[in-house]
Amino acid sequence: MIRFILAKLARAFLTILLVVTFAFVVLRLSGDPAQVLLGPDAPQDAVDAFRARWGLDDPLWQQYLAYLRQILSFDFGVSMRDQSPAIDLVLQRIPATLALTVPALILKLAIGIPAGVYAALHRQSVADRGVIMMSIFGFTIPSFVLGLVLVLVFAVRLDWLPSGGQSSWRHAILPIATLSIGGIGILARFSRSAMIEVLGQPYIRTAMAKGLPWREVVWRHALPNAAVPIVTLIGFMLGALIAGAVVVESIFSWPGIGRLIVVSVANRDLAVVQCLLLVIAASMVVANLLVDFSYGLLDPRLRAKPAH
Amino acid sequence: MTTATVLPAPHLLTRIRLKMPFLVVLSMIWIATMVLVAIFADQIRPYDITRMDLMARLAPMGTPGHLLGTDELGRDVLSRLIQSIRVSLVIAFGATILSAVLGTTLGFLAAQFRGWVEHLVMALADFQAALPFMIMSLAVLAFFGSSMWLLVCLMGFYGWERYARIARGLAISASAQGYAAAVVQLGANPRRVYLRHILPNVASTLIVSMTLTFPEIILMESGLSFLGLGVQPPQSSLGNMVGFGREYLTRAPWIMLAPSVVIVLTTLSISLMGDWLRDRLDPTIR
Amino acid sequence: MSPLLDVRGLVQRYATAKPLFGKANDIRAVDGIDLTLHEGEILGIVGESGSGKSTLGRMLLGLERPWQGEVRYRGQPMPAPGSADWRKLRADMQLVYQDPLAALDRRMTISRQISEPLEIHGLAKGEDARDRVAALMARVGLRADQADRYPHELSGGQRQRVVIARALASRPRFLVCDEPVSALDVSIQAQVVNLLRELQERERLTMVFISHDLKVVRNICDRVAVMYLGRVVEIASSDRIFSDPRHPYTRALVSSVPKPGQGLDGRIILKGEPPNPASRPSGCAFHPRCRHSDAGCAATRPELAEHDGRLAACLKLGHARPVAA
């Protein structure tokens, strides 16, 4: 188990290092970082001071080390627009994004997994068909189309809900629905397959043959085993959630980090983009790490064996 | 015997397909239509995509001469849709092939050389899987600005890590025991082993993965274009049509609906066909 | 006459996965083997699974580099696996596999697979290659109309014939057969063994025949080496091994082969655990299962020594003259 955790930590650290390196390479390829991080309108003496401070005339590897040091001290440069530190802008926006993504994730789990398990236990039923239809939905309808259709129906035609903004809880309903509907279908479909697979295993038949009540077979034997692949999928879904937030926040003018990244990319506010890239990557890596650990807890085989 | 590893991917839609096999036929007809539209876009387009008809702005669907209506500048939606299908399909095709070639090559290199090469490839794959692709694309587009070439190349990185993992895994199991080791033992050089033996044997699995990444690339490209950061005007893609149509959601929803329907039907068709292909080609089933 | 293959002090070890704390445990699959193979000879290697016989076979072919010791082929050291010299040498030495279906490419017709060595080593092209493939197929007993079949369309015995034809395509001088018939039905085994014997006689091949099954080895080999946990415990001519086995392990193996007209009354049942290379007993590796063993066997490792015209490694065989093998 210690080995498992250490291996995962090493991998996570390596991944973050790769992301930082990626940011460094892209930054250097795209032009002079002094210009990039200070903006094109920066006065010459500020540029010179910046160059001297970050050693931009040093060899590349020294610059790379300097860049690492800079990142480690949470210095991501300043935003082109109002000269405030990029990290502050990003941190300000995080609560708004969490206000959408956390409820969406909870909805996905709370509806998706039970629906999938129910469908697996009642195959060929109406609910089962519904789950399959929902998953087709989730796979094929892009979130921007879904979001616009929801706006068209619930905001424009029916006029029940606001189409954008952040002033009340009602404003959050459509964005959260857009973020979660597709994922619910996918998760339900996946839970269904995982459950059906587990139900076909010999140990389930054994448990049934020895006369355990069906309810107990499901709770004690089937669900814990189906949980392992489902948890893996949740790790993948976090990335989709962040990507979805980018689109959804744009559609509904929701002032979160997704909206921030789109606006910053459009304005080429590179310091902010770089900061967002690193913050999102770091949180993804941490989230995946947590998923890996819970995976280790769920699957006793992983606890004993060293990770490969 | 080699033990075949069954991919944990759910057998999406399998049951529906079994009940209604004609859906696969419909999907194929739709995909074929889309490909034909993309190839003959110049011939079948009723109007030039930039031709404005200021007398007929925001004309609804079914208007004579403008079957799918017109947009805010009086440009014909059908013509723009046809051009968009071409652009989106070209990007998706190009990117799918790029990412399959890139990923498979890296996976084979990892399998052949093992050691640090393998560690590097797997670390890169972890990196790719850890960072949401959309965020990475946005960062690259921010730093370099958007162009058609950059977009195709960028999308060409979408999903490479899946091919790399599959190709590496299959090549290692083929080399450890079985036909690949046997051919090496005959004195074949690595190029022959990989191109003549391993590649044909793993091709079916790779093709199935391609049918999975293809619709995802369409969705990714249209998502970026929707945000105004992918395909740039005056060129048009399905996503960017939806993006511009969004402004007129209340007054002219057809601008946005037509490309949305095309996106949904195309991704659905390819998913259905991919599912069918998997059943046909997957050696673990046979 | 100089030997075709000369093997000195061969040791192969594999490291097990290294635990976080402590030292990696290594397994000695082959633990000190000397052998000499003469041109045209058939050597049988027998032993239980885990005795290192397959590893030895792979090292004889140069498919694996030994950890210690060396293999000389025609007086030359074996080139490094994967090098150009090594690839060239493959035309001269070939391997016949246990599982023919796994050794064949299931997406290629058998005639194309048989002609692969010809292409790889540039031995024949076009019409010439087709003729040679047809001749090879005929020689191993495959019908001409089977040329365009795929491996899964053939029976197990036919697949093994394809593997043999492919192995012979480049006219090798040295052939290692690693359990060539153990995956086949008993009724087919004799056919394939006879085919190998016939081909060996016609081509004057030098052959190493690896098997866990003494019955199979007996019919084909000139000499037999019995392996136990990575070491040769007895090596002698086939007749001697079967008529008069000396090492207790060989005796147990030979006694388990049924003879016509006799029951299995004299059968020696081995006690104890089957050998595990990860925990090798001290002294004579066989002593925990040997009914003649005593304290000395657990302390001293026996070396191969001559007893009545064969080499055996057992402390209980009396003080014979040790031989520099």
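Along each chain, residue indices are assigned from 1 in the same order as the chain's sequence is written. All chains are assigned letters beginning at A, and all ligands numbers beginning at 1, according to the order in which they are written. Reporting of local features is limited, given that this is a predicted model, to residues whose pLDDT is at least 70; pairs of side-chain atoms are given and counted only at 80 or more, and all residues count toward the totals for whole chains, interfaces and linings.

Engineer: What is the right way to look at the overall build of chain C in this model?
Structural biologist: Assigned secondary structure in chain C consists of 11 helices and 12 strands. For a compact globule the rule gives 2.2 Å times the number of residues to the power 0.38, and the radius of gyration it is set against comes from C-alpha atoms. Taking 325 residues into account, the globule formula puts the C-alpha radius of gyration at 20 Å, and chain C, at 21 Å, falls close to it. With respect to the three principal axes, the spread of C-alpha positions in chain C is 70 × 55 × 45 Å. A residue is called partly exposed when the number of other C-beta atoms within 10 Å of its own lies between 12 and 20, exposed at 12 or fewer, and buried at 20 or more, with C-beta atoms placed from the backbone. Split into buried and exposed, the 325 residues of chain C put 42% on the buried side. Contacts spanning at least 24 positions in sequence make up 62% of the contacts within chain C whose residues lie at least 6 apart. Each helix is a run of H or I in the DSSP string that is no shorter than four residues. Each strand is a run of E no shorter than two, and both are numbered from the N terminus. Whether two residues are in contact depends on their C-beta atoms, placed from the backbone: they are in contact if these lie within 7 Å.

Engineer: Would you mind showing me how to read the packing of helix α5 (residues 115-130) of chain B against helix α8 (residues 160-176) of chain B here?
Structural biologist: When two helices pack together, their arrangement is captured by the angle between the axes and the distance separating the axes. Residue and element names in this part refer to chain B. Simply put, an axis is a line fit to the C-alpha atoms, just over the touching stretch for a helix, and the angle between two N-to-C directions goes from 0 to 180 degrees. Where α5 meets α8, the closest approach of the two axes is 9 Å, and the angle between their N-to-C directions is 145 degrees. Judged by the twist between their axes, the crossing of α5 over α8 is left-handed. Note on element contacts: α8 touches α5 through W160, E161, A164 and R165, opposite V121, A125, Q128 and A129. Of the residues assigned to the contact of α5 with α8, the class counts are five nonpolar, one polar and two charged. Crossing handedness is read from the near helix: turned anticlockwise from the far helix by less than a right angle, it gives a left-handed crossing, and turned clockwise, a right-handed one. Gly is placed with the polar residues, together with every amino acid not listed as nonpolar (Ala, Val, Leu, Ile, Met, Phe, Trp, Tyr, Cys and Pro) or charged (Asp, Glu, Lys and Arg).

Engineer: It is not clear to me how unusual backbone geometry should be interpreted in this structure. Could you clarify?
Structural biologist: With the exception of glycine, most residues fall at negative phi, and the peptide bonds are largely trans. One non-glycine residue, R114(B), lies in positive phi territory at about 50 degrees. Of note, R74(C) is a non-glycine position whose phi angle comes to about 50 degrees, a positive value. The topology assignment puts R74(C) in the loop between β4 (68-73) and β5 (76-77). Residue R74(C) is classed as partly exposed on the basis of its C-beta count, with 14 C-beta atoms lying within 10 Å.

Engineer: Honestly, the interface of chain A and chain B in this entry has me stumped. Any pointers?
Structural biologist: For interface size, the figure often reported is the accessible area lost on association. Taken together, the contact between chain A and chain B spans 45 residues of the former and 41 residues of the latter. When contributions to the side of chain A that touches chain B are tallied by element, the ones reaching two or more residues are α1 (2-29), α6 (126-140), α7 (143-157), α8 (170-199), α10 (214-251), α11 (257-267) and α12 (270-298) of chain A. Broken down by element, the side of chain A that touches chain B gets its largest block of residues, eight residues, from α12(A). Looking at side-chain class alone, the side of chain A that touches chain B contains 33 nonpolar, nine polar and three charged residues.

Engineer: Please clarify how the sheet that holds strand β1 (residues 5-15) of chain C should be interpreted in this entry.
Structural biologist: Strand pairing in a sheet relies on backbone hydrogen bonds. The paired strands run either parallel or antiparallel. Residue and element names in this part refer to chain C. The strand order across the open sheet formed by four strands is β2-β1-β4-β5, and the pairing between neighbours is antiparallel. The open sheet is flanked by β2 (26-37) and β5, the only strands paired with a single partner. A pair of strands counts as paired when DSSP detects no fewer than two bridges linking them. Strand direction decides the pairing type here: β1 and β4, joined by five bridges, are antiparallel. Bridged to D6 within β4 is R72.

Engineer: Would you take a moment to explain the environment of G62(C) for this structure?
Structural biologist: All names here are of chain C. Within the element layout of this structure, G62 appears in the loop between α1 (53-60) and β4. G62 gets classed as buried once you count the C-beta atoms within 10 Å, which come to 21. For the pair G62 and Y73, spaced 11 residues apart in sequence, the C-alpha to C-alpha distance is 9.5 Å. With residues up to four places along the chain from it excluded, the contact list for G62 reads V71, M78, P81, W86 and L89.

Engineer: It is not clear to me how the environment of D6(C) should be interpreted in this structure. Could you clarify?
Structural biologist: Residues and elements named next belong to chain C. Note on placement: D6 falls in strand β1. Of the residues examined, D6 has 16 C-beta atoms within 10 Å and is grouped as partly exposed. Residues D6 and C221 lie 215 residues apart in sequence; the distance between their C-alpha atoms is 18 Å. Look past the residues within four positions of D6 in its chain and what remains in contact with it is T36 and R72.

Engineer: I would appreciate a short explanation of the environment of R289(C) in the present structure.
Structural biologist: Residues and elements named next belong to chain C. Structurally, R289 is set in the loop between α10 (248-255) and α11 (295-299). Residues R289 and L270, 19 residues apart in the sequence, show an inter-C-alpha distance of 6.2 Å. Once residues within four sequence positions are removed from consideration, R289 is found in contact with L270, K271 and G272.

Engineer: Hey, could you run me through the interface of chain B and chain C in this one?
Structural biologist: Chain B puts 16 residues into the contact, and the matching count from chain C is 17 residues. Split by residue class, the side of chain B that touches chain C holds seven nonpolar, eight polar and one charged.

Engineer: Would you explain the sheet that holds strand β10 (residues 231-237) of chain C in this entry?
Structural biologist: Residues and elements named next belong to chain C. Taken in spatial order, the eight strands of this open sheet run β6-β7-β8-β3-β9-β10-β12-β11, and their pairing is mixed. Strands at the two margins of the open sheet, each flanked by one partner only, are β6 (93-96) and β11 (305-307). For this sheet the average axis-to-axis angle between neighbouring strands, irrespective of direction, equals 20 degrees. Note: strand β7 (residues 174-178) against strand β8 (residues 206-211), five bridges, orientation parallel. For F174, the partnering residue across the bridge sits in β8 and is T206. Along the sheet, helix α6 (residues 156-168) makes contact with β6 and β7, crossing β6 at roughly 175 degrees.

Engineer: Sorry if this is basic, but what is going on with the pairing of β4(C) here?
Structural biologist: Consecutive side chains along a regular strand alternate between the two faces of the sheet. All names here are of chain C. By the bridge criterion, two bridges tie β4 to β5 in an arrangement that is antiparallel. Directly across from R72, in β5, lies its bridge partner P77. Counting the residues in the hairpin turn of β4 and β5 gives two residues, including R74, whose phi is positive at 50 degrees.

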